[in-house]
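# Close look at the chain arrangement
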Amino acid sequence: LDAVEAMGLPLLRVAGVEADDVIGTLCAQAEEKGLQVLVSTGDKDLAQLVTDKVTLINTMTDTRMDRDAVKAKFDVWPEQIIDYLALVGDSSDNIPGVPKVGPKTAAKWLNEYDSAAGIVEHGDEIKGKVGESLRDNVDSLNLSKELATIRTDVGLDVGIDDLTAGDGDADALRKLFSHYELRALLRQLDEEAGDAPPDPAQDEEQTDYETVLDDKAFDAWCKKINKAELVAFDTETTGLDYMNAEIVGLSLAVAAGDACYIPLTHDYPGAPEQLPRDKVLAKLKPWLEDERKKKVGHHLKYDAHILARYDVELAGMAYDSMLESYVLNSVATRHDMDSVARHYLGKETIHYEDVAGKGVKQLTFNQVDIETAAPYAAEDADITLQLHETLWQQLTDVPPLRRVYEDIEQPLVGVLLDMEETGVLVDREMLKVQSNEFGKKMARLEKKAHELAGGPFNLGSPKQLQEILFERQGLPVLRKTPKGQPSTAEDVLVELAGDYELPAVIIDYRGVSKLKSTYTDKLPEQIAQATGRIHTSYHQAVAATGRLSSTDPNLQNIPIRTPEGRRIRQAFVPPDGNLLLAADYSQIELRIMAHLSGDPGLLKAFRDNVDVHQATASEVFDIDYDKVDGEHRRAAKAINFGLMYGMSAFGLSRQLNIGRTEAQAYMDTYF
């Protein structure tokens, strides 16, 4: 808002009034003056404002919506949009709508009966469950219509003629852009003022990094790094899989601009002779394994993995510019080196695609010619050192953040390194048995789906599903794809499954199919031949909350909600003489909620050291505490956490696979 005002743009703030209502009122005022109006929005609710003089524009897709476009998109005219929204409902705007009425049904009725009032008047003529739902929800329909209506009569202190852009405040903008490090906007501001500073990327000559190809140059660099207080270190490899990638070369930097690349195994036709990899690693091993020789890297854990393949245990991992960026501001930018360098140094680095190409023709690094590879690789080390110097100063200026880095994030690198190197043992034969069983269950579900559909079809084909569900069986269309086709997305099928058997069978089939393809078929393929274990990657610098993430495979997402999913977890086994221990915070979020809300029931539950989810289940389901089973507790957990984060009755009904009325009753009991 400060930036809008500093730009000199008019800013309307009307207490207690929705922005949509202000927009609607301004549209009405403009029309009275005979003006053509363009409303920038992606909100379908504003389609009700479209007239011969009011058009919507979605600047994200660069599409405009006039009267004909509204009709083409919704199959109703703008003046029918309010009734359309009232029938269909909109959970994001808390418009309940009429249950079982989807967009297709609403449009059909409005084309036949003209308005919601006309539909209600002819309600007795509408057959089936959807007709019953309409007749049972007339009061709700009237409420929905009121909620869906955008006002055009809000009392405003200004009129259309007052909404003109004034002169901007360049000094205020400069302070804002500097504070939020919006360098591109700051440069644009300076250029408009005619005093833009020179672009360092254009004026600086490319740094002349050294390519080390002989013993003399290598010995000189060994002396440099042994004397330096801190050295940036980076490996170049044949791939990203730390269990299989091989070293192609090494990069070192001891000061800004003072960096080198040591190519080792570039093997393209005509490649020059390079220092032997084993010889280089043997000479560097004492330095690499010396805890007193401090190193900085960008995602140094990966380099430690690579060196471990060559019997080198990297020590002295003092700093990591990726983690420094993450701790300083987890959401300011992505934390890959290119993004961090752009954000904090204002430098555009050489990208991997610039040297290796893109897509299927992308080269592995050993195939890149050394003349091209060296500047890229050496720059990695150089920029890493520069980033550390910049980021460490900023972290030092905020002692609590520096403590998070020094006491939590950096020490965790070694822990995660050991976890990843150790890997996880899985029972390959158990997974094979489960995969066969899932295959048989999929065949049974497929047969049942074919019977319900009246003939064979491909359950994995959205096009065939659309035809069977919405054309052949006439199920209500709840949502359309961007191309205007009825959606068969998971959430749509879940909603349909409450009333129709075929969508329920398809959901079950999809669930089992995903378990088979993602886990029981895939996990055995990810067992490393060298260790007989699965080795994931734990990422520290991804989730803004500080939580770790796991990839290749994602071991934090092994299913637990269904019996089949829990069986997959059984395939993760300890080696002989060991056990697997599950440990978790004791309902930390609920403890925070108890503290903030002061709720007597929650506070008592924690004081008495009882299971809060079990206590909630006892109250909500009206059963004795000792009689609560696992399913009751899981439902109560969904209620506790869902309501804490603002889940609606509709959302709860979908998560627990129950009716919306039943979900609302649970919520009412809870509160």
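Look a little higher up for the structure.
Here the residue index of a chain counts from 1 through its sequence in written order. In view of the model being predicted, local features appear only for residues whose pLDDT reaches at least 70, and side-chain atom pairs are presented and counted only at 80 or more, with totals across whole chains, interfaces and linings using the full set of residues. Heavy atoms from the whole structure form the basis of all side-chain values; hydrogens and water molecules are not counted.

Before going further, it helps to examine the pairing of strand β6 (residues 247-255). Exposed residues in this analysis have more than 50% of their type's maximum accessible area, buried residues have under 20%, and partly exposed residues fall in between, with area computed by a 1.4 Å probe over protein chains only. Going along the chain from the N terminus, every DSSP run of H or I of four or more residues is numbered as a helix, and every run of E of two or more is numbered as a strand. For β6, the buried fraction is high: seven of the nine residues fall into the buried class. At least two DSSP bridges between two strands are needed for those strands to be called paired. As defined by bridge partners, strand β5 (residues 230-237) adjoins β6 across six bridges and the pair is classed as antiparallel. Across the sheet, Phe233 pairs through a bridge with Leu252, a residue of β6. Linking two consecutive strands that pair antiparallel, namely β6 and strand β7 (residues 258-263), is a turn of two residues; a positive phi of about 85° is found at Gly257 within it.

For the rest of this paragraph, the subject is helix α13 (residues 277-288). Looking at α13, one finds that the buried residues are Val280, Leu281, Leu284, Trp287 and Leu288. Along the axis of α13, the buried residues cluster in a sector spanning 105°; they form a single face. For α13, exposure combined with an orientation more than 90 degrees from the buried face picks out Asp278, Ala282 and Pro286. Contacts are residue-level and defined by heavy atoms, with any inter-residue pair within 4.5 Å sufficient. Contacts from the buried residues of α13 go to α12 (215-227), β5, β6, β8 (294-297) and α14 (300-308). What the arc measures is the spread of directions leading from the helix axis to the C-beta atoms.

Geometry of aromatic contacts follows a simple scheme: Phe, Tyr and Trp rings, the Trp one being its six-membered ring, pair when their centres are within 6.5 Å, and the pair is stacked under 30 degrees between planes, edge-to-face over 60, tilted otherwise. Scanning the model with the defined rule gives nine aromatic pairs in all. Judged by centre distance (5.6 Å) and plane angle (65°), the rings of Phe74 and Tyr84 are edge-to-face. Of this pair, Phe74 sits in helix α3 (residues 67-74) while Tyr84 sits in helix α4 (residues 81-88), and the two are 10 residues apart along the sequence. Residue class for Phe74 comes out buried when judged on its relative accessible area of 8%. The exposure class assigned to Tyr84 is buried, which follows from its relative accessible area of 7%. Taking 5.6 Å as the distance between ring centres and 70° as the angle between the ring planes, the aromatic pair formed by Trp392 and Tyr405 counts as edge-to-face.

Our next topic: a nonpolar patch on the surface. On the surface, Tyr585, Ile588, Ile592 and Leu596 cluster together into a nonpolar patch covering about 490 Å² of accessible area. Of note, Leu596 is situated in helix α26 (residues 588-597). A relative accessible area of 68% places Leu596 in the exposed class. Like charges are joined within 9 Å and nonpolar side chains (Val, Leu, Ile, Met, Phe, Trp, Tyr) within 5 Å, but only among residues with over 30% relative accessible area and no salt bridge; these make up the patches. Accessible surface is estimated by sampling points in the Shrake-Rupley manner with a 1.4 Å probe; for residues, cover comes only from the protein chains shown. What makes a salt bridge here is a side-chain nitrogen of Lys or Arg within 4 Å of a carboxyl oxygen of Asp or Glu, nothing more.

As a further point, take the sheet that holds strand β2 (residues 54-58). Strands sit in the order β1-β2-β3 across an open sheet of three strands; the sheet is mixed. Where the open sheet ends on each side, the last strands, each with one partner, are β1 (37-40) and β3 (63-65). The sheet shows a mean angle of 30° between the axes of neighbouring strands, taken without regard to direction. Lines fitted to the C-alpha atoms define the axes, with helices restricted to the stretch that makes contact. Angles between their N-to-C directions range from 0 to 180 degrees. Relative to the sheet, helix α2 (residues 19-32) contacts β1 and β2, its axis offset from that of β1 by approximately 165°.

So, about the side chain of Thr536. Note that Thr536 resides in the loop between α24 (522-525) and β10 (537-539). Of the residues examined, Thr536 reaches a relative accessible area of 4% and is grouped as buried. Here a polar contact means two N or O atoms within 3.5 Å. Within protein one must be a hydrogen donor candidate and the other an acceptor candidate, and residues neighboring in sequence count only if both atoms are side-chain atoms. Side-chain polar atoms of Thr536 contact the side chain of Ser550, separated by 2.8 Å. When neighbours within four sequence positions are excluded, Thr536 is seen to be in contact with Tyr242, Glu420, Ser550, Thr551, Asp552, Pro553 and Leu555.

Here Val368 shows up in the loop between α17 (352-356) and α18 (370-396). When residues no more than four places from it in sequence are discounted, the contact partners of Val368 are His266, Tyr268, Val355, Ala356, Leu363 and Ala373.

Another point: the pattern of salt bridges. The final tally for this structure, using the stated rule, is 28 salt bridges. Linking Asp258 and Lys224 is a salt bridge whose minimum nitrogen-to-oxygen distance equals 2.9 Å. With Asp258 in strand β7 and Lys224 in helix α12, the pair connects residues that are 34 residues apart, well separated along the chain. With relative accessibility at 25%, the residue Asp258 sits in the partly exposed group. Owing to a relative accessible area of 32%, Lys224 belongs among the partly exposed residues under this scheme. Salt-bridge contacts for Arg510 lead to Glu490; the nearest nitrogen and oxygen are separated by 3.5 Å. Of the two residues, Arg510 sits in helix α23 (residues 501-520) while Glu490 sits in helix α22 (residues 490-497), which places them 20 residues apart along the sequence. The exposure class of Glu490 is partly exposed, given its relative accessible area of 39%. Because the salt bridges share partners, they merge into one network encompassing Lys285, Glu289 and Asp311.

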